[in-house]
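# Coordinate inspection notes
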Amino acid sequence: MIILNGKEKEQYSDLSLTDLLQREGYDTRKIAVEINGEIIPKSIYKGKWVKSGDRVEVVSFVGGG
């Protein structure tokens, strides 16, 4: 189990960060991701694995004017 934006997610342990984000429907061009308090560079999303117990926060950028 991981915690994704404050909600428990049983099905997302042991996935790449890219896979998790795709399954949740995020557009990786418009987000920032933090795992256990560390900001994760987009360049390593494919190689970064989400493990049981991780706390993942996804922040979406919103444009406006």
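Shown above is the structure to which this text applies.
Residues numbered from 1 in each chain as written. Predicted model: local features only at pLDDT ≥ 70, side-chain atom pairs only at ≥ 80, totals over all residues. Heavy atoms only, no water.

## Focus on the overall build of the chain
Looking only at helices and strands, the chain features 1 helix and 7 strands. The secondary structure elements of the chain, listed N-terminal to C-terminal, are β-β-β-α-β-β-β-β. Computed over the C-alpha atoms, the radius of gyration of the chain is 11 Å, within 12% of the 11 Å expected from 2.2 N^0.38 for a compact globule of 65 residues. Seen through its C-alpha atoms, the chain measures out along the principal axes to roughly 40 × 25 × 20 Å. Looking at the chain as a whole, 32% of its 65 residues qualify as buried. In the chain, of all internal contacts separated by at least 6 residues, the share reaching a separation of at least 24 is 53%. Total accessible area on the chain stands at roughly 4,400 Å², and carbon and sulfur atoms take up 49% of it. On the chain, the mean spot of the 10 positive side-chain charges and the mean spot of the 10 negative ones are 6 Å from each other. (Helix = DSSP H or I, 4+ residues; strand = E, 2+ residues; numbered from the N terminus. Rg over C-alpha atoms; globule rule 2.2 N^0.38 Å. Buried < 20%, exposed > 50% of the residue type's maximum accessible area, 1.4 Å probe, protein only. Contact = heavy atoms within 4.5 Å. Areas by Shrake-Rupley, 256 points an atom, 1.4 Å probe, with all protein chains shown as cover. Lys, Arg positive; Asp, Glu negative; His and termini not counted. Charge placed at Lys NZ, Arg CZ, Asp CG, Glu CD.)

## Digging into the pairing of strand β7 (residues 55-60)
Where strand β1 (residues 2-4) and β7 come together, 2 bridges link them in parallel fashion. Within β7, the position partnered with Leu4 by the bridge is Val56. (Pairing = 2+ DSSP bridges.)

## Thoughts on the side chain of Lys9
On the secondary structure map, Lys9 appears in strand β2 (residues 7-9). Exposure remark for Lys9: the relative accessible area of 18% places this residue in the buried category. Look past the residues within four positions of Lys9 in its chain and what remains in contact with it is Met1, Ile2, Leu4 and Glu24.

## Focus on unusual backbone geometry
Despite not being glycine, Asn5 shows a phi value in the positive range, around 50°. Note on placement: Asn5 falls in the loop between β1 and β2. Despite not being glycine, Asn36 has its phi angle at roughly 50°, a positive value. Looking at where Asn36 falls in the secondary structure, it is placed in the loop between β4 (31-35) and β5 (38-40).

## Focus: the side chain of Asp54
As for its position among the elements, Asp54 is in the loop between β6 (49-50) and β7. Although buried, Asp54 forms no salt bridge, and the nearest oppositely charged side chain, Lys51, lies 5.8 Å from it. Setting aside its immediate chain neighbours within four residues, Asp54 contacts Met1, Ile2, Ile3, Ile35, Asn36 and Trp49. (Salt bridge = Lys/Arg side-chain N within 4 Å of Asp/Glu carboxyl O.)

## Some points on the pattern of salt bridges
In this structure the tally under the stated criterion is 2 salt bridges. Glu24 is the partner of Lys9 in a salt bridge, and the nearest nitrogen-oxygen pair spans 3.5 Å. Taken together, the residues Lys9 in strand β2 and Glu24 in helix α1 (residues 17-24) connect sequence positions 15 residues apart. On the basis of relative accessible area, Glu24 is assigned to the partly exposed category, the value being 28%.

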